[in-house]
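# Structure at a glance
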Amino acid sequence: MKNDIIISGVGGQGIISIAATIGLAAVANSLYLKQSEVHGMSQRGGDVQSHFRLSDKPVASDLIPYGKADLIISVEPMESLRYLPWLSKDGWIVTNSTPMINIPDYPPIEDILSEIRKIKNSVIIDADSIAREIGSARAGNIVILGAASPFIAMSYSSLEDALRSLFGKKGEEILELNLKALKAGREHSIRA
Amino acid sequence: MKNLLLLGDEAIAQAALDAGLSGMYAYPGTPSTEIMEYIQSSKTASDRNVHREWSANEKTAMEAALGMSYCGKRAMVAMKHVGLNVAADPFINSAMTGVNGGLIVVSADDPSMHSSQNEQDSRFYGKFANVPCFEPSDQQEAYEMIFDAFELSEKYKLPVLFRITTRLAHSRASVTTCEQLPEKKLSLPSDPVQFVLLPSIARRKYKSLLESYEKLKYDIRITRYNIFRDGTKRDMGIIACGIAYNYLMENIRDSVKEFPVLKISAYPFPKDLVQDITGRCKSVLVLEEGAPMVEESLRGILDDGIKIYGRLDGTVPRDGELNPSLVARSLGMKTSYGRGIPSLVKNRPPSFCKGCGHSDVFNALIEALKSYSSGSVFSDIGCYTLGALPPYSSINSCVDMGASVTMAVGAADAGLFPSVCVIGDSTFTHSGMTGLLDAVVKRSSVTIIISDNSTTGMTGGQDSHATGRLVSICRGLGVDAGHIRELTPLRKNHEENVRILKKEFEFRGVSVIIAARECIQTATKRKRTESSNR
């Protein structure tokens, strides 16, 4: 079993929390993993990504080779397209539809979404609205993780457990919101 | 023994703690920052009261670590690659004095310049100083090497260079830890003049340094990381250094028995190790992250030995970091590029956070400079360097820590008017203060703007030595109190700030403008911690 995942977004959108959740779940499942992330300059509103490699055998490279990613999880729609060179022929894209517009030449969102729809295996959900509906506008990243969960080679409950150990310290209320966000994302994704 | 999920940086920090570290010294710099941050948040470090405060710059960090080592205790100092330039003087000379307690110097290189001004390869510094250099290939190896590095350092009485690159520093993997060793007790060097580099002593010490460098090549703590494994092929063998070994394994995992491979993760290494490959194979491919250091030394100036493939003949690109696909190509293997990036995807460069004080500084500066010709703003290294990008496009230099002050001084010497500098608070206390003293002594006509966000912002908000001290530092250096102007960079103060800037440009002497407003990232973090503590 191997699961190569690219997690993408814009600095500050919480992609490291997505990676940390999958990472904790992987350790609990005794899987091998390597997860490369971006710190430093690009964090300031620039494009950021994390290469996440999960396997039942030791993982050599910290980076995913081109054309080998099984899944792109993106918290921002345009950013999901930036990593297409890594996506395998049968790979999936799970992305948020809400754009983060912090550049003057951001393309029309409809053009971006239709470009994403050209990929045969794509799921587009409005994570920001879903997060607001359940009462936590800041949990959009976890909604996306929930939407991607059917494509991650680990059980859903192990992701829930990972959220418990990640957010447990921050209090019952914050943990519950994140568990709800994960569930809502998953339900939207299965329906879509 | 525990299994921990750690960044490469964190594996190094955890290993140092487990190996009985007494003092950690550093100045923040991507990709090395998380080493100190991990130690600062470690319970073990706080229980043992391991020294773990930031230093003013890499030179002071290196020297303080040497002082800790002088007392017989284990010390580690960490910096980004260009930080080693700042610390080069004590680093090179610490090889001459030698150490007492084990001393590890971590230098984190940034090939492809994700967050840096150059991609210099720190391994050259190891050779330059005649000290051992480790280059781990993965997180677990990094963890284990730290123990060997401390032992090696104490056995040969030498500092040890520990070179990592961005991908290892910032990649997480599971690391199995060992039992913790106790810290060393305070004990001074047995030779009272060991650290006295008077020429007569230095000459003697240099001879013994050169002898040690030869002996090191055969020490088990080095040789165990340089492993040759034969394969069936005879047309080409492969030398893979540090993290390049992982990219190689990614590609030859299924045919690993075919390729003769020499994995190099510790320097210096002897000739016979390389001859294991060159004696067997018709050619050799050299894979190394950073500069073609091993490749160049194999080729020599004549390059008339066996056929060598690598960065110098274009088999691997001459610059930039490696990745598994580049290595596949260098092996002649097929790569599987996915789809191209659609043309509608636009670049998204880093930018100021919404509400950042630096942007108000630049807005005021742009307006104040309108009546002068352009090209007169020297800047420095930090978030405010983003002032070079649109819509501001308002700085003309970013060279090295502190250079904004001294370049403005030199430009004023040349007759440039006005000559303006924009520097951050932490960068100012890192390397700007001495330049300001130059300006004061020479009565240079410069305007120094310190954009003070009370933190080391770009690296994620570490404490700044400058916080609360800027006015007294500038006065102490001799800046006229009437020309130390404090302002708050807020939109509502824009007109007033423009007026102050214009006035100080016209002053023929040194003026310092301290534009102070807390970084909005650290302010948010601080408010969140305060409310959760309540």
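Residues numbered from 1 in each chain as written. Chains lettered and ligands numbered in written order. Predicted model: local features only at pLDDT ≥ 70, side-chain atom pairs only at ≥ 80, totals over all residues. Heavy atoms only, no water.

## Some details on the overall build of chain A
Threshold: Going along the chain from the N terminus, every DSSP run of H or I of four or more residues is numbered as a helix, and every run of E of two or more is numbered as a strand. Burial classes: relative accessible area under 20% of the type maximum marks a residue as buried, over 50% as exposed, and values in between as partly exposed (1.4 Å probe, protein chains only). Here the open area of atoms and residues is found with the Shrake-Rupley method and a 1.4 Å probe, where only the protein chains shown may cover a residue. His is not counted here, nor are the chain ends, while Lys and Arg score as positive and Asp and Glu score as negative. Charged groups are reduced to one reference atom each: NZ for lysine, CZ for arginine, CG for aspartic acid, CD for glutamic acid.
Summing up its helical and strand segments, chain A has seven helices and six strands in all. Helices (α) and strands (β) of chain A occur, in sequence order from the N terminus, as β-α-β-β-β-α-β-α-β-α-α-α-α. With respect to the three principal axes, the spread of C-alpha positions in chain A is 40 × 40 × 35 Å. When the 192 residues of chain A are sorted by exposure, 60% land in the buried category. A total accessible area of about 7,400 Å² is found for chain A, and carbon and sulfur atoms account for 52% of it. Each charge class in chain A was averaged separately, 20 positive and 22 negative side chains, and the resulting centres sit 4 Å apart.

## Points about the nonpolar core
Residue and element names in this part refer to chain B. Applied cut-off: We call a set of buried Ala, Val, Leu, Ile, Met, Phe, Trp, Tyr and Cys residues a nonpolar core when their side-chain atoms join them within 4.5 Å. Residue contacts are defined here by distance: any two heavy atoms, one from each residue, within 4.5 Å place the two residues in contact.
Membership of the largest hydrophobic core comes to 105 residues, with the highest contact counts inside it found for Met-76 and Phe-134. Per-element accounting of this core gives the leading share, nine residues, to helix H8 (residues 139-156). Once residues lying within four places of it in the same chain are set aside, the contact partners of Met-76 are Ile-12, Ala-13, Ala-16, Leu-21, Gly-23, Met-24, Tyr-25, Ile-35, Ile-104, Val-106 and Ile-146. With 49 residues, the next largest nonpolar core counts Val-361, Cys-421, Ile-449 and Val-498 among its residues.

## Thoughts on the environment of Ser419(B)
All names here are of chain B. Our working rule: We call two N or O atoms a polar contact when they sit within 3.5 Å, provided that within protein one can donate a hydrogen and the other can accept it, with sequence-adjacent residues counted only if both atoms are side-chain atoms.
Note that Ser-419 resides in the loop between helix H17 (403-413) and strand S15 (420-424). Taking the C-alpha atoms as reference points, Ser-419 and Pro-349, 70 residues apart in sequence, are found 28 Å from one another. Beyond its immediate stretch of four places on either side in the chain, Ser-419 contacts Ser-376, Phe-378, Ala-408, Ala-411, Ala-412, Ser-445, Val-446 and Thr-447. A distance of 2.8 Å separates a polar atom in the side chain of Ser-419 from the backbone oxygen of Ala-408.

## Focus: the interface of chain B and chain A
What counts, and what does not: Two parts lose some accessible area (1.4 Å probe) when they are put together, and adding that loss for both gives the buried area. A side-chain nitrogen of Lys or Arg and a carboxyl oxygen of Asp or Glu constitute a salt bridge if their distance falls within 4 Å. For this classification, Asp, Glu, Lys and Arg are treated as charged, while Ala, Val, Leu, Ile, Met, Phe, Trp, Tyr, Cys and Pro are nonpolar and the rest, including Gly, are polar. By definition, two strands form a pair when at least two bridges between them are found by DSSP.
Taken residue by residue, the interface counts 46 residues in chain B and 47 residues in chain A. Taking both sides of the interface into account, the surface hidden between chain B and chain A amounts to around 4,000 Å²; carbon and sulfur atoms contribute 57%. Three residues stand out in chain B for area buried against chain A, namely Arg339(B), Leu344(B) and Arg348(B), and they jointly supply 20% of the buried area on that side. At the surface where chain B touches chain A, the tally comes to four salt bridges. In this structure, Glu37(A) and Arg172(B) form a salt bridge, with 3.0 Å as the shortest nitrogen-oxygen distance. At the boundary of chain B and chain A, one finds 21 residue pairs in polar contact (both at pLDDT 80 or more). Looking at the side of chain B that touches chain A, the elements that each hand over two or more residues are strand S1 (3-7), strand S7 (171-176), helix H12 (244-252) and helix H15 (324-330) of chain B. Across the side of chain B that touches chain A, the residue classes break down as 19 nonpolar, 17 polar and 10 charged. Where strand S2 (residues 32-36) of chain A meets S7(B), three bridges bridge the pair, whose relative direction is antiparallel. Within the sheet, the bridge partner assigned to Gln35(A) lies in S7(B) and is Arg172(B).

## Some points on the pattern of salt bridges
Tallying each qualifying case throughout the model produces 44 salt bridges over all chains. Measuring nitrogen to oxygen at the nearest pair gives 3.6 Å for the salt bridge that ties Glu154(B) to Lys184(B). Taken together, the residues span a long stretch of sequence, with Glu154(B) in helix H8 and Lys184(B) in the loop between S7 and helix H10 (199-216) at a distance of 30 residues. When its relative accessible area of 35% is taken as the criterion, Lys184(B) is described as partly exposed. If you follow the salt bridges from partner to partner, you end up with Lys2(A), Asp4(A), Arg53(A), Asp70(A), Glu250(B) and Arg253(B) in one network.

## Details of the packing of aromatic side chains
In this description, a pair of aromatic rings is defined by centroid distance and the angle of the planes. Here is the rule we go by: Ring pairs are drawn from Phe, Tyr and Trp, using the six-membered ring of Trp, whenever the two centres fall within 6.5 Å, and their geometry is named by plane angle: stacked under 30 degrees, edge-to-face over 60, tilted for the rest. A positively charged side chain is recorded as over a ring if its NZ (Lys) or CZ (Arg) lies within 6 Å of the ring centre. The angle to the ring normal must also be within 35 degrees.
Tallied over the entire structure, the rule returns 16 aromatic pairs over all chains. Considering the side-chain rings of Trp92(A) and Phe151(A), the 4.3 Å spacing of their centres and the 25 degrees angle between planes classify their relative orientation as stacked. Here Trp92(A) is found in strand S5 (residues 87-96), whereas its partner Phe151(A) is found in the loop between helix H5 (140-148) and helix H6 (156-167), with 59 residues between them in sequence. Ring plane angle 85 degrees and centroid distance 6.2 Å describe the contact between Phe91(B) and Tyr125(B), whose orientation is recorded as edge-to-face. Remark: Tyr125(B) occurs in helix H7 (residues 123-129) and Phe91(B) occurs in helix H6 (residues 88-97); sequence separation between them is 34 residues. The exposure class assigned to Phe91(B) is buried, which follows from its relative accessible area of 0%. Members of the aromatic cluster, connected to one another through ring pairs, are Tyr66(A), Tyr83(A), Trp86(A) and Tyr337(B). In this structure, Lys263(B) packs its charged tip against the face of Tyr245(B), placed 5.4 Å from the ring centre. The ring of Phe417(B) carries Arg508(B) above its face, with NZ or CZ at 3.9 Å from the centroid.

## Topic: the sheet that holds strand S14 (residues 377-379) of chain B
By definition, the strands of a sheet pair up through backbone hydrogen bonds, in either a parallel or an antiparallel sense. Residues and elements named next belong to chain B. To keep it simple, the criterion reads: Axes here mean lines fitted to C-alpha atoms, for a helix over just the part in contact, with angles spanning 0 to 180 degrees between N-to-C directions.
Pairing is parallel in the open sheet, where five strands are placed in the order S14-S15-S16-S18-S17. Edge positions in the open sheet fall to S14 and strand S17 (484-487), since each of these has one partner strand only. For this sheet, the mean angle separating the axes of adjacent strands, direction not counted, is 20 degrees. Across four bridges, S17 lies against strand S18 (residues 510-516) in parallel orientation. Bridging from a neighbouring strand, Leu-487 pairs with Ala-515 of S18. Strands S15, strand S16 (446-452) and S18 of the sheet are contacted by helix H18 (residues 425-442), whose axis makes an angle of about 145 degrees with S15. Against the sheet, helix H20 (residues 494-506) engages S15, S16, S17 and S18, with an angle of about 165 degrees to S17.

## Side note on the domain arrangement of chain B
Just so we agree on the cut-off: Per the annotation, domain bounds derive from an automatic or database assignment of domains.
For chain B, the assigned domains are domain 1 (3-222), domain 2 (227-330) and domain 3 (357-523). Measuring from the centre of the C-alpha atoms in domain 2 of chain B to the corresponding centre in domain 3 of chain B gives 48 Å.

## A few points about a nonpolar patch on the surface
Residue and element names in this part refer to chain B. For the record, the criterion: Patches here: salt-bridge-free residues with over 30% relative accessible area, like charges joined within 9 Å, nonpolar side chains (Val, Leu, Ile, Met, Phe, Trp, Tyr) joined within 5 Å.
A cluster of nonpolar side chains, namely Tyr-70, Leu-186 and Leu-188, defines an oily patch on the protein surface of about 300 Å² accessible area. Among the structural elements, Tyr-70 can be located in helix H4 (residues 58-70). Among the residues examined, Tyr-70 registers a relative accessible area of 32% and is labelled partly exposed.

## Considerations on the pairing of strand S4 (residues 69-74) of chain A
Residue and element names in this part refer to chain A. Within S4, five of the six residues are buried, which leaves it mostly tucked inside the rest of the structure. The pairing of strand S1 (residues 2-10) with S4 spans four bridges and is classified as parallel. What sits directly across from Ser-8, in S4, is Ser-74. Here S4 pairs with S5 via five bridges, running parallel. What sits directly across from Ile-72, in S5, is Ile-93.

## Here's the deal with H20(B)
Residue and element names in this part refer to chain B. Our working rule: Given the number of residues in a helix, its expected span is that number minus one, multiplied by 1.5 Å. The arc in question is traced by the directions running from the helix axis to the C-beta atoms.
With 13 residues, H20 ought to run about 18 Å at 1.5 Å a step, and its terminal C-alpha atoms sit 19 Å apart, in line with that. Of all the residues in H20, the buried ones are His-494, Asn-497, Val-498, Ile-500, Leu-501, Glu-504 and Phe-505. Within H20, the buried residues cover an arc of 160 degrees as seen down the axis, which keeps them to one side. With respect to the buried face of H20, the exposed residues turned more than 90 degrees away are Glu-495 and Lys-503. Where H20 is buried, its residues meet helix H16 (357-368), S15, S16, S17 and S18.

## Quick notes on the side chain of His430(B)
Residues and elements named next belong to chain B. If you trace the backbone, His-430 turns up in helix H18. The buried category is assigned to His-430, whose relative accessible area is 3%. Polar contacts involving the side chain of His-430 include one to the side chain of Glu-58, which spans 2.6 Å. Within polar-contact distance, the side chain of His-430 engages the side chain of Ser-431 at 2.7 Å.

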